[in-house]
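Residue-level structural notes
Okay, here's what each chain looks like letter by letter:
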Amino acid sequence: MAHIIIAPSKYVQGAGELRNLKTYVETLGNKPLVLVSPSGMQRVRPAIEESFGGAELVFDAFGGECCKQEIDRLCAVMEAKGCDLVIGVGGGKILDTAKAVAYYQKTPVAVVPTIASTDAPCSALSVLYTPDGVFERYLFLPANPNLVLVDTDIVSRAPARLLVSGMGDALATYFEAAATAASGSATCAGGAVTTAALALARLCYDTLLENGLKARLAVEQGVCTPAVEKVVEANTYLSGIGFESGGLAGAHAIHNGLTVLKACHGMYHGEKVAFGTLTQLVLENASNEQLDEVITFCLDVGLPVTLEDLGITDPSDEDLMAVAHAACADGESIYNMPVPITPEKVFAALKAADAIGHYYKD
């Protein structure tokens, strides 16, 4: 199996860069469809229109879920308006939707995350859900985005919980990449783990440990510091390359399993991934030192370490077995783990991870 690493064509990060958007996309297309959330429309539309200086733009408000119905709707808008470029502006589901629409319409895509809450921006992957928000499947794309542009002025003004959620998503990167490498499994990039991807994944983890708490405290004050810049890069780029070319394993599969419980539908992706990371470490029988480092980090920055933290109070064994079975569905990334996997083992790990989290909190 070949060793493969993939990445977006260009990654741009800096304060005020949204005002330079046209400069970066003018070679990609002439009439963009700009996909933005209804709330984000007021915040970013003026800067985008200023950047394009009167050029024709088609704005559309995101429907709320990255699902087949929303993708089909936007493909129809693209065709009706004659758009030849998709620009997704917002959070992970908007960006995944933009990537999927560009894939089906065979156009370039630029993604502009306004929050650093997931590693979705850089990937050649869209996570598809049902209209009700239940994980459905991964849509693997033939190429990464043509452009990823992160305006850290905007990102640092978002609620701190979103940046922390991104840390939860990024926290899993190294552990999943290491598990994938140990098992010799294929990555999302279609080959074996490269040493470069594994090194970026480790850098991602080390960056979080060094800067995570400082970044959270800065963003709570609405300011962008060097620690914030480093965590934004870790959440977005290092984690994006690390998960895609390093591999997914237990943490994200357990996240997907947790989506079957309505009690945690109000939690962010990275918050569920953080608990999935703790559960993966239990499956691997990680050392006390490793567990202590991860749980202490989670508690410092405000990530969940118990099921109760995820809104799942007093779960029944039936509920947790449903999570375990969903995490172990055919084709799930949990089979990239270097240990034997069954729903019963995942069920046990969920309960044990919850108990360990309570031990640290109590």
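Residues numbered from 1 in each chain as written. Predicted model: local features only at pLDDT ≥ 70, side-chain atom pairs only at ≥ 80, totals over all residues. Heavy atoms only, no water.

Let us look at the packing of helix α3 (residues 68-81) against helix α4 (residues 92-105). Where α3 contacts α4, the two axes come as close as 9 Å, and the packing angle between them is 55°. On the basis of their axis angle, the class for α3 and α4 is oblique. In the packing of α3 onto α4, the handedness of the crossing is right-handed. Only T97, A100, V101, Y104 and Q105 of α4 make contact with α3, whose side of the interface consists of E70, I71, L74, C75, M78 and E79. When the residues that make up the contact of α3 with α4 are grouped by side-chain class, the tally is seven nonpolar, two polar and two charged. (Axes fitted to C-alpha atoms, helices over the stretch in contact; angles between N-to-C directions. Helix = DSSP H or I, 4+ residues; strand = E, 2+ residues; numbered from the N terminus. Parallel < 35°, antiparallel > 145°, perpendicular 65-115°, else oblique. Left-handed = near helix turned anticlockwise from the far one by under 90°. Contact = heavy atoms within 4.5 Å. Nonpolar A, V, L, I, M, F, W, Y, C, P; charged D, E, K, R; others polar.)

A separate point is helix α6 (residues 160-183). Taking 1.5 Å of rise per residue, 24 residues should cover 34 Å, and α6 covers 36 Å from first to last C-alpha, within 8% of that figure. Approximately 25° is the largest bend angle found in α6, and it occurs at T173. Among the 24 residues that make up α6, 18 are buried, leaving the element largely enclosed by the rest of the structure. (Expected span 1.5 Å × (residues − 1). Bend = angle between axes of the 7 residues up to and from the residue. Buried < 20%, exposed > 50% of the residue type's maximum accessible area, 1.4 Å probe, protein only.)

Should their charged atoms come close, side chains of opposite charge can pair. Tallying each qualifying case throughout the model produces 14 salt bridges. A salt bridge links R216 to E220, with the shortest nitrogen-to-oxygen separation between them at 3.2 Å. Here E220 and R216 lie together in helix α7 (residues 195-220), a separation of four residues that amounts to about one turn. A relative accessible area of 17% means that R216 is categorised as buried. Given the relative accessible area of 44%, E220 is considered partly exposed. Ionic contacts of the salt-bridge type, sharing partners, join the residues D60, E70 and R73 into one network. (Salt bridge = Lys/Arg side-chain N within 4 Å of Asp/Glu carboxyl O.)

Here we come to the pairing of strand β2 (residues 32-36). Burial runs high along β2: five of the five residues are buried. Burial along β2 is two-sided: the residues P32, V34 and V36 and L33 and L35 are all buried. Note: β2 against strand β4 (residues 85-90), five bridges, orientation parallel. The residue of β4 that forms the bridge with V34 is I87. Relative to strand β3 (residues 58-61), β2 runs parallel, the two being bridged by four bridges. Bridge assignment links V34 to a residue of β3, and that residue is F59. With respect to chirality, the unit in which β2 leads through helix α2 (residues 38-52) into the neighbouring parallel β3 is right-handed. (Pairing = 2+ DSSP bridges. Right-handed = clockwise from strand over helix to strand, strands pointing away.)

β4 sits mainly inside the fold: six of its six residues count as buried. When β4 meets strand β5 (residues 109-113), the two strands line up parallel, connected through five bridges. Across the sheet, the residue bridging to G88 is V111, located in β5. With α4 bridging β4 and its parallel neighbour β5, the resulting β-α-β unit is right-handed.

What follows concerns the packing of aromatic side chains. Applying the stated criterion across every chain, the model contains nine aromatic pairs. Judged by centre distance (6.2 Å) and plane angle (20°), the rings of Y174 and Y205 are stacked. In this pair, Y174 is assigned in helix α6 and Y205 in helix α7, connecting sequence segments 31 residues apart. Judged by centre distance (5.1 Å) and plane angle (75°), the ring pair of F175 and Y205 falls under edge-to-face. (Phe/Tyr/Trp six-rings, centres within 6.5 Å; stacked < 30°, edge-to-face > 60°.)

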